Amino acid sequence: MTISAKGISVLESAASVCVLTGAGISAESGVPTFRGKEGLWSKFKPEELANFRAFINNPDLVWEWYTYRKNVMKDVKPNPAHLALAEMERIVEDFTLVTQNVDNLHQRGGSRNVYELHGNIERSYCIDCRRPEQNVMLDEQGKAPRCKSCGGLIRPDVVWFGELLPYETFQMGAAAAARCDLFLLIGTSGIVYPAASLPLVARDHGAYVLEVNQEYTDLSSRVSETIVGKAGVIVPEMLASMKNTRKRGTNSE
Ligand SMILES: [Zn+2]
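Note that the structure is predicted; figures quoted are calculated from it, not measured.

**Student:** Describe helix α1 (residues 5-13), with residues and values.
**Tutor:** Residues of α1 that are buried include every one of Gly7, Val10 and Leu11, and no others. All buried residues of α1 fall inside an arc of 100 degrees around its axis, so they share one side. What points out from α1, more than 90 degrees from its buried face, is the exposed set Ala5 and Ser13.

Dropping the structure here:
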């Protein structure tokens, strides 16, 4: 599918853009959903491991899973959609990127200011003193990592099932959604609230809401336009439309 004439004209003229991305954009890079039928971890559902009680009951097992996921991520690269969004950040005056993904691919693709609703798998912190840690994994004995300053358990800095989203991050995203002219909804089914409320906030404040997904979603009937297809193809086309009317060289690196 191609972008409508109306969509192109909004892409060309929007001064304030807010984007929400989800698992679909990462799937195009080959990030698995960890809900597959095959492999070492197939006997667990993600929600059985990604929750605080599972972590306290068996931190070694939960860290084994996150260590596996981090190792998978080493072989995964940002795709053209990630790269195009990073470039949009450089050419649009007021640009906000909100993501439900924890995989760090936006940052690796060059995005600088990313509002992470579900945290980031690259970061960790101590559950007792909250000291942050980078690049932590299972140790050689298969034990969960411990805090160097207080000995407490270290957990991944991600939002687990049953936990609240970071309030300030969500509020910043909601404020950006309320003030934008154009809202892009990319690779997310729109069923997980409160993130799914962001495109509706944008719509209710008069923004043009453009959805890019591989199939129609629960939100499709409530957005301005849905483009069914790969984000890796469509988002670069959107960037090209934005560049039509914007000077080159502004905000250059
Ligand atoms: Zn500590």
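From this point, things continue past the structure.
**Student:** Would you mind going over the domain arrangement of the protein in detail, with residue names and values included?
**Tutor:** Each domain of the protein was delimited in the assignment, giving domain 1 (5-31 + 78-118 + 164-244) and domain 2 (46-75 + 123-158). Tallying the contact residues gives 7 residues for domain 1 and 5 residues for domain 2. Taken together, both faces of the contact between domain 1 and domain 2 bury some 440 Å²; the carbon and sulfur share is 53%. For the domain 1 face of the interface with domain 2, the top three residues by lost area are Val102, Arg108 and Glu116, together amounting to 58%.

**Student:** Pulling in residues and values, what's your account of the nonpolar core?
**Tutor:** Of all hydrophobic cores here, the largest spans 29 residues; its most connected members are Val17, Leu85, Met88, Leu182, Leu184, Ile186 and Met238. When contributions to this core are tallied by element, the ones reaching two or more residues are α1, β1 (16-21), α6 (80-91), β2 (94-99), β7 (182-186), β8 (208-213) and α10 (231-244). Here the element with the most residues in this core is α10; it accounts for 6 residues. Among the nonpolar cores identified, the runner-up in size contains 21 residues, and Ala195, Leu200, Ala202 and Val223 belong to it.

**Student:** Now, about the pattern of salt bridges: what can you tell me, with residues and values included?
**Tutor:** Close approach of charged atoms allows side chains with opposite charge to pair. Under the definition given, this model contains 9 salt bridges. With its nearest N and O atoms 3.4 Å apart, the salt bridge here joins lysine 143 to aspartate 60. Of this pair, lysine 143 sits in the loop between β5 (132-134) and β6 (154-158) while aspartate 60 sits in helix α5 (residues 59-74), and the two are 83 residues apart along the sequence. The class for lysine 143 is partly exposed, based on a relative accessible area of 45%. A relative accessible area of 21% means that aspartate 60 is categorised as partly exposed. With its nearest N and O atoms 2.7 Å apart, the salt bridge here joins arginine 131 to glutamate 133. Judged by its relative accessible area of 32%, arginine 131 falls in the partly exposed class.

About the thresholds
Every chain begins its residue count from 1, and numbering advances along the sequence as written. Predicted model: local features are reported for residues with pLDDT of at least 70 only, side-chain atom pairs are reported and counted for 80 or more only, and whole-chain, interface and lining totals are derived from all residues. The side-chain values count all of the structure's non-hydrogen atoms but skip hydrogen atoms and water molecules. For every residue, the accessible area (1.4 Å probe, protein chains only) is compared with the maximum for its type, and the residue is labelled buried under 20%, exposed over 50%, or partly exposed between those bounds. What counts as a helix is a DSSP run of H or I of at least four residues, what counts as a strand is a run of E of at least two, and both are numbered from the N terminus. Summarising the geometry, the arc corresponds to the directions from the helix axis toward the C-beta atoms. The source of the domain bounds is an automatic or database domain assignment. By definition in these notes, contact holds between two residues if any of their heavy atoms fall within 4.5 Å. Buried area, as used here, totals the accessible surface that two parts lose on assembly, with accessibility defined by a 1.4 Å probe and the loss added over both. Within this scheme, the nonpolar core is defined by two criteria: the residues are buried Ala, Val, Leu, Ile, Met, Phe, Trp, Tyr or Cys, and they are joined through side-chain atoms within 4.5 Å. Any Lys or Arg side-chain nitrogen located within 4 Å of an Asp or Glu carboxyl oxygen qualifies as a salt bridge.

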